[in-house]
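What follows is each chain in one-letter form.
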Amino acid sequence: MPTPPLETERLLLKPLTPEDAPQIQRIFPRWEIVRYLVASVPWPYPDNGAQHYVENVALPASKEGKGWFWTLRRKAEPQEVIGVICLMDTPDNNRGFWLVPEYQGQGYMTEACQAVTRFWFTDLDREVLRAPKAAINSRSRSLSERSGMRLVRVEKGQYVSGELDTELWEITREEWRRIASQL
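The sections below set out a description of the structure shown in this document.

Analysis parameters
Along each chain, numbering runs from 1 in the same order as the chain's sequence is written. Reporting in this predicted model follows two pLDDT cut-offs: at least 70 for local features of residues, and 80 or more for side-chain atom pairs to be given and counted; totals over whole chains, interfaces and linings ignore these cut-offs and use all residues. The side-chain figures draw on all heavy atoms in the structure; neither hydrogens nor water molecules are used. Each residue gets one of three labels from its accessible area relative to the maximum for its type: buried under 20%, exposed over 50%, partly exposed in between, using a 1.4 Å probe on protein chains only. Helix and strand assignments come from DSSP, with helices taken as H or I runs of at least 4 residues and strands as E runs of at least 2, each series counted from the N terminus. As used here, the arc belongs to the directions running from the helix axis to the C-beta atoms. The criterion used for residue contact is that any of the two residues' heavy atoms lie within 4.5 Å. We call Phe, Tyr and Trp rings a pair once their centres come within 6.5 Å, taking the six-membered ring for Trp, and we label the pair stacked below 30 degrees between planes, edge-to-face above 60, and tilted otherwise. Cation placement over rings: the criterion is NZ of Lys or CZ of Arg within 6 Å of the ring centroid and within 35° of the ring normal. When DSSP finds at least two bridges between two strands, those strands are taken to pair.

## A few points about helix α5 (residues 138-146)
- For α5, the set of buried residues is Ser140, Leu143 and Ser144. Buried residues of α5, viewed axially, fall in a sector of 100 degrees; they line one side. Opposite the buried face of α5, by more than 90 degrees, sit the exposed residues Arg139 and Arg146.
- For α5, the elements touching its buried residues are β5 (95-99), α4 (108-123), β6 (128-134) and β8 (162-172).

## Here we look at the packing of aromatic side chains
- One pass over the full model with this rule turns up 9 aromatic pairs.
- Ring centres of Phe28 and Tyr45 lie 4.8 Å apart, and the angle between their planes is 65 degrees; this geometry places the pair in the edge-to-face category. Here Phe28 is found in the loop between α1 (21-27) and α2 (31-34), whereas its partner Tyr45 is found in the loop between α2 and α3 (49-63), with 17 residues between them in sequence.
- Classification of Tyr45 by relative accessible area gives buried; the value is 13%.
- Within the aromatic cluster, the residues linked to one another by ring pairs are Trp68, Trp70, Phe119 and Trp120.
- A cation over an aromatic ring shows up here: Arg10 above the ring of Tyr108, its NZ or CZ 4.1 Å from the ring centre.
- Just above the ring of Trp120 sits the side chain of Arg126; from NZ or CZ to the centre is 5.0 Å.

## Description of unusual backbone geometry
- That bond from Trp43 to Pro44 is cis: its omega, 0 degrees, falls within 30 degrees of zero.
- Mapped onto the secondary structure, Pro44 falls in the loop between α2 and α3.
- Phi is positive for Asp92, which is not a glycine, with a value near 60 degrees.
- With respect to the helices, strands and loops of the structure, Asp92 is situated in the loop between β4 (81-88) and β5.
- Positioned with a positive phi, Asp125 is a non-glycine residue whose angle comes to about 55 degrees.

## Some details on helix α6 (residues 173-182)
- Along α6, the positions that sit buried rather than exposed are Arg173, Glu175 and Trp176. Buried positions in α6, seen along its axis, are confined to an arc of 155 degrees and lie on one side of it. Relative to its buried face, α6 has exposed residues pointing more than 90 degrees away, namely Arg178, Ser181 and Gln182.
- Against the buried residues of α6 lie α4, β7 (150-159) and β8.

## A closer look at the sheet that holds β5
- The strand order across the open sheet formed by 5 strands is β1-β2-β3-β4-β5, and the pairing between neighbours is antiparallel. In the strand order of this sheet, the two ends are held by β1 (6-7) and β5, each with one partner.
- The pairing of β1 with strand β2 (residues 11-15) spans 2 bridges and is antiparallel. Residue Glu7 lies in a different strand from β2, and its bridge partner there is Leu12.

## Brief notes about the pairing of strand β3 (residues 67-74)
- A large share of β3 lies buried, amounting to 8 of its 8 residues.
- What you see with β3 is no split at all: Gly67, Phe69, Thr71 and Arg73 on one side and Trp68, Trp70, Leu72 and Arg74 on the other are buried throughout.
- In this sheet, β3 lies alongside β2 in antiparallel orientation, the contact comprising 5 bridges. Paired with Leu13 across the two strands is Leu72, which belongs to β3.
- Bridge analysis of β3 against β4 gives 7 bridges, and the strand direction is antiparallel.

Below, the structure written as C-alpha cells:
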C-alpha cells in the first residue's frame, strides 16, 4: 500500500518525496535531533545526507511496501517541514520519528503518532506496533506511555551519542482499539 497523506487537527502528514530532501538537510543536522537516533545515522551529518536517506533508504522501502514515510507540516505553514515520522515493516522497529526542537513539547508528535498508528492498525491491518527508543529519551518514553504502549524489553543499543539502554515499547491492535474507543 502506498503512503497516503494523513491529517490531524494541526498537522498535515505528507508522503516523503525527493523534493523534501533540501528542507530536511537544512533542519535535521542538529545534536538535539540526532543524539537519540540509531548509530547508522551518520554524524557529523554529510552535506548530501538527507538526499541519500530519501533516495536510498526511505523511497526504496516505500516502493517495496516495507516502509511508509511522512513529512510533518503545521497546517498554519504547510510548506515548512518540521519533522518526519515513519512506519516500517521491520521486526521490533515499526515506528520512528524526529521533530525540530522548536516544536517539541507542544503535542505535535502525539498527533502524528496517533494518525500513523491508526493507519498501521486499520489500513495495514497489523497485529502489533513496536517502537524502540533510547531509555534516556524521556519525551519519547512519555509519548509511548500516554498512548497506551507498554515496555516489553530493555537491552543495550547503539545511538549517535553512543551505547545506551534501549527500551522496546509495544501496543497490540486490540489494546489500541480499546484506547481509541474511549477517546
